[in-house]
Every structure is written in structure tokens, then in C-alpha cells.
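What the coordinates show
These are the residues of each chain, in order.
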Amino acid sequence: MREIIVDQIMKQPVYSVDVEDTIADAIKKMNEKGTKKILVMEKGKPVGVLEKWKILESDMGKKVKDVELSNFKVVPLGTVLSALESDLLNYPAIYIFSPANPNKILGIITAFDLVRAY
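Below is a summary of the structure that appears in this document. Note that the structure is a prediction, hence the values are computed from the model and not measured. (Residues numbered from 1 in each chain as written. Predicted model: local features only at pLDDT ≥ 70, side-chain atom pairs only at ≥ 80, totals over all residues. Heavy atoms only, no water.)

Things to note about the sheet that holds strand β4 (residues 73–76)
The mixed open sheet is built from 3 strands, whose spatial order is β4-β5-β6. The open sheet terminates on both sides in strands that have one partner only, identified here as β4 and β6 (101–109). Adjacent strand axes in the sheet meet at a mean angle of 40°, parallel and antiparallel pairs treated alike. Sheet topology places strand β5 (residues 94–98) next to β6; 5 bridges connect them, and they run antiparallel. Along β6, the bridge assignment pairs S98 with N101. (Pairing = 2+ DSSP bridges. Helix = DSSP H or I, 4+ residues; strand = E, 2+ residues; numbered from the N terminus. Axes fitted to C-alpha atoms, helices over the stretch in contact; angles between N-to-C directions.)

Pasting the structure below:
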């Protein structure tokens, strides 16, 4: 079996919202971009993942920072995919960063991507 590197299957671009954005703004962006999860940033650094299925209609006026965010994992470009298989059971997504700039998120991998890769 060939070794798969995260760079080969990660999806780009990575969409994000700021912790100060409203949930309504985040949902609008998710709908526009066709995604069910979005990275949440604070002062240019990733702090969590907002997942569409966790949001209630009553949350729409709240700020992103006021709802439950999911944890996430970040790994550098060049990481071997097989090393992440169990992580995708615990995190909604794994984000890929540039070793030259750890705050620069370059791509995303989900469990769906893992299944497609094999």
C-alpha cells in the first residue's frame, strides 16, 4: 500500500470566521461555501471548529465565541495520513499548517477524505 501524505488529499481553501462574528454570519458563510464546519479564529489564530449540526435556531443572534466549539487538531504539511486515522474519530477535522508559519492554515481533512483516500 502506498504511503499517503496529507498534502495529497487536503481540501483547500479553509474557510473561517472570527469569534466576534454572529452565528447567523457563520451559517451564511457555511451555506455559501457548501461546508458543514468552519474554523473559528481569534486574533489570527485558530481556536475551535463551529459545526453546523450543533447550532440551534435560537443561537443565530449569538456571537460565535458564545456557543460550544469543537476541538480540532493541526498537523504540518508532510504528515503521513495513516498516523492520523484514530484522530479523525476524536476530531471533526484535522487542519494542515505550514511549518514556516504555524498560524497559516493551508488545508483540511475530514473522516470522509480519509475514506476516499483508501
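As for the nonpolar core
Core analysis: the biggest nonpolar cluster contains 13 residues, and V6, I9, L81, I94, I96 and I109 have the highest contact counts within it. Contributions of two or more residues to this core are made by α1 (6–9), β5 and α4 (111–117). Leaving out residues up to four positions away in the same chain, I109 has contacts with V6, I9, M10, L81, L88, A93, I94 and I96. (Core = buried A, V, L, I, M, F, W, Y, C linked by side-chain atoms within 4.5 Å. Buried < 20%, exposed > 50% of the residue type's maximum accessible area, 1.4 Å probe, protein only. Contact = heavy atoms within 4.5 Å.)

Quick look at the environment of V74
For V74, the position within the fold is in strand β4. Separated by 42 residues in the primary sequence, V74 and R116 place their C-alpha atoms 20 Å from one another. Contacts of V74, omitting those with residues within four sequence positions, involve Y95, F97 and I105.

With respect to the packing of aromatic side chains
Counted according to the given criterion, the structure contains 1 aromatic pair. Both rings, one in F72 and one in Y95, keep their centres 6.0 Å apart while their planes meet at 85°; by these two values the pair is edge-to-face. Taken as a pair, F72 in the loop between β3 (45–51) and β4 and Y95 in strand β5 lie far apart in primary sequence, 23 residues in all. Here F72 matches Y95 in class, with each residue buried. (Phe/Tyr/Trp six-rings, centres within 6.5 Å; stacked < 30°, edge-to-face > 60°.)

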